[in-house]
Structure formats: C-alpha cells, structure tokens
Amino acid sequence: SRRGRIGGIHMDAAVWFKRIKCLVLVCIFASIGNFISTSKAGNPVTPIEAIPGLVLLLACTLIGCLIYELVGKVSSKNLPAIAYISFIAIFMTIPGVSPIAEYAIEQVGKIGLLPLCTPILAYAGISIGKDMDTFKEQGLAIVIVAIFTFAGTFLGSTIIAQIILKMTGVI
C-alpha cells in the first residue's frame, strides 16, 4: 500500500482513503436522515443546508483520528480516538478561543443527534451480521448480558433524568 510521511511518521494512505470514504457516506446518510427528522418536526433543514455543519463534524473527526494515530506512533499510552475528536469539537466551539465558534455552533446546531446515529447504528448492525457465526458461538449468555445492559442503561438514564427534571422544577 502507499504510505506517506508526516513528521517522520508513516501514514497508510489506503486506510485513510477508506476512513474518509466511510465518513463521507455517513455524512450523506446523516443529511438525508436530518432532513426527514427536521421535516417531521416542522422546521426542515435540507441536505444542502446541513453541509457546512457536517463538514465541520467531518473535519473534527479526521483531525481527532490523525492526532490519535500520531500519539499512538510516539507513545504507548493513548486516549481513545473519541477523546481527541471531542476535544477538537469542544475547542472549535468555545467563543473567544475559536474564531469560528459562533459559525460552528450555528451550523452544527442544524443537525440532530438521532440522524447522526442512524448510519452509525446501521453500520454496527452490518458489522454484527458479518460476524454472525462468532455471535452465535457466544450463545444465550451474550443475549442475557445484552438485555441486562440495555435495561440497566435505560433505567439509569430515566433515574438521572427524573432527578434532574425534579431539581430544575420541570416536573
């Protein structure tokens, strides 16, 4: 495969091409999902209007992945890629620190969380389907663990929401 050098560190171009291609597809599907979601809410955001926000999210993701790889090449201790991606996104939206903060907040604010999750969850489903034989080997135990995990997450979330809503006087 073709490898490039960044600061003396080898980067695999084929891997990055696949990442970018996958992320662009996620952006396309997210923009369609966002249009459907916002249309149902009565305030439609067309896929064209969502492009600036999705490009900003894409940039944060790519920069975060690049930092993750670079840190991984020079250190045995590394944070998960999502930590770097989140840091970049947070930094980008801090007013007074980032020159594009207001613009970024406005553009990313046009995109809902659920439409972003849809292509990611679809990809996870395809990934599980691809490894169905391994999944079957886990047997009933994995199903029981999954049920308890989902139930615990749901109950934990509802308890936290109930406490916060009571504390803020919403209910």
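Values in this document were obtained by computation on a predicted structure and should not be read as measured data.

Peer 1: Which parts of the structure should I look at to understand the overall build of the protein chain?
Peer 2: From N to C terminus, the protein chain includes seven helices and two strands. If you list the helices and strands of the protein chain from N to C, you get β-β-α-α-α-α-α-α-α. Judged by the C-alpha coordinates and their principal axes, the protein chain covers about 55 × 50 × 30 Å. Taken over 171 residues, the protein chain has a buried fraction of 18%. In the protein chain, 55% of the contacts between residues at least 6 apart in sequence involve partners at least 24 apart. Of the roughly 12100 Å² that the protein chain leaves accessible, carbon and sulfur atoms contribute 73%.

Peer 1: Just to check I follow, could you spell out the environment of Ile-28 for this structure?
Peer 2: By the element assignment, Ile-28 lies in helix H1 (residues 13-41). Under the relative-accessibility criterion, Ile-28 is labelled partly exposed at 41%. A sequence separation of 43 residues divides Ile-28 from Val-71, and the C-alpha atoms of the two residues are 30 Å apart.

Peer 1: I tried to follow helix H2 (residues 47-74) on my own but got confused; where do I start?
Peer 2: Helical geometry note: an α-helix holds 3.6 residues per turn, so side chains three or four residues apart project in the same direction. Taking 1.5 Å per residue as the helical rise, H2 with its 28 residues ought to reach 40 Å, and the 39 Å between its terminal C-alpha atoms agrees with that figure. Considering bend angle alone, the principal kink of H2 is centred on Gly-53 and spans about 30°. Along H2, the residues that are buried comprise Ala-50, Gly-53, Leu-54, Leu-56, Leu-58, Cys-60, Thr-61, Gly-64, Cys-65 and Glu-69.

Peer 1: Just to check I follow, could you spell out the side chain of Thr-38 for this structure?
Peer 2: By the secondary structure assignment, Thr-38 is in helix H1. A polar atom in the side chain of Thr-38 sits 3.3 Å from the backbone oxygen of Phe-35. In this view, Thr-38 contacts Asn-43, Pro-44, Val-45 and Lys-110; residues no more than four positions away in its chain are not counted.

Peer 1: I tried to follow H1 on my own but got confused; where do I start?
Peer 2: Helix length check: H1, at 29 residues, gives a terminal C-alpha distance of 41 Å against a target of 42 Å (1.5 Å per residue), a fit within 8%. Within H1, burial applies to Trp-16, Cys-27, Ala-30, Ser-31, Asn-34 and Thr-38. Put simply, Asp-12 is the residue that caps the front of H1, since its side-chain oxygen is 3.2 Å from the backbone nitrogen of Ala-14. Backbone geometry just after H1 places Gly-42 at a positive phi near 95°.

Peer 1: Help me out: how do you make sense of the nonpolar core in this one?
Peer 2: A general tendency of soluble globular proteins is for nonpolar side chains to be buried together. Cys-27, Ala-30, Val-45, Ala-50, Leu-54, Leu-58 and Ile-111 form the largest nonpolar core, which has seven residues in total. Of all the elements, H2 adds the most residues to this core, at three residues. Residues in contact with Ala-30, not counting those within four places in the same chain, are Leu-54, Pro-115, Leu-116 and Pro-119. Cys-60, Ile-88, Met-92 and Ala-104 belong to the second-largest nonpolar core, a separate cluster that totals five residues.

Peer 1: Can you help me understand a nonpolar patch on the surface in this one?
Peer 2: A contiguous nonpolar patch, built from Ile-20, Val-24, Leu-25, Ile-28, Phe-29, Ile-32, Phe-35 and Ile-36 and spanning about 670 Å² of accessible area, is present on the exposed surface. By the element assignment, Leu-25 lies in helix H1. What makes Leu-25 partly exposed here is its relative accessible area of 41%.

Rules used in this analysis
- Residues numbered from 1 in each chain as written.
- Predicted model: local features only at pLDDT ≥ 70, side-chain atom pairs only at ≥ 80, totals over all residues.
- Heavy atoms only, no water.
- Helix = DSSP H or I, 4+ residues; strand = E, 2+ residues; numbered from the N terminus.
- Buried < 20%, exposed > 50% of the residue type's maximum accessible area, 1.4 Å probe, protein only.
- Contact = heavy atoms within 4.5 Å.
- Areas by Shrake-Rupley, 256 points an atom, 1.4 Å probe, with all protein chains shown as cover.
- Expected span 1.5 Å × (residues − 1).
- Bend = angle between axes of the 7 residues up to and from the residue.
- Polar contact = N/O pair within 3.5 Å; in protein donor to acceptor, adjacent residues only side chain to side chain.
- Core = buried A, V, L, I, M, F, W, Y, C linked by side-chain atoms within 4.5 Å.
- Patch = residues over 30% accessible without salt bridge, like charges linked within 9 Å, V, L, I, M, F, W, Y side chains within 5 Å.
- Salt bridge = Lys/Arg side-chain N within 4 Å of Asp/Glu carboxyl O.

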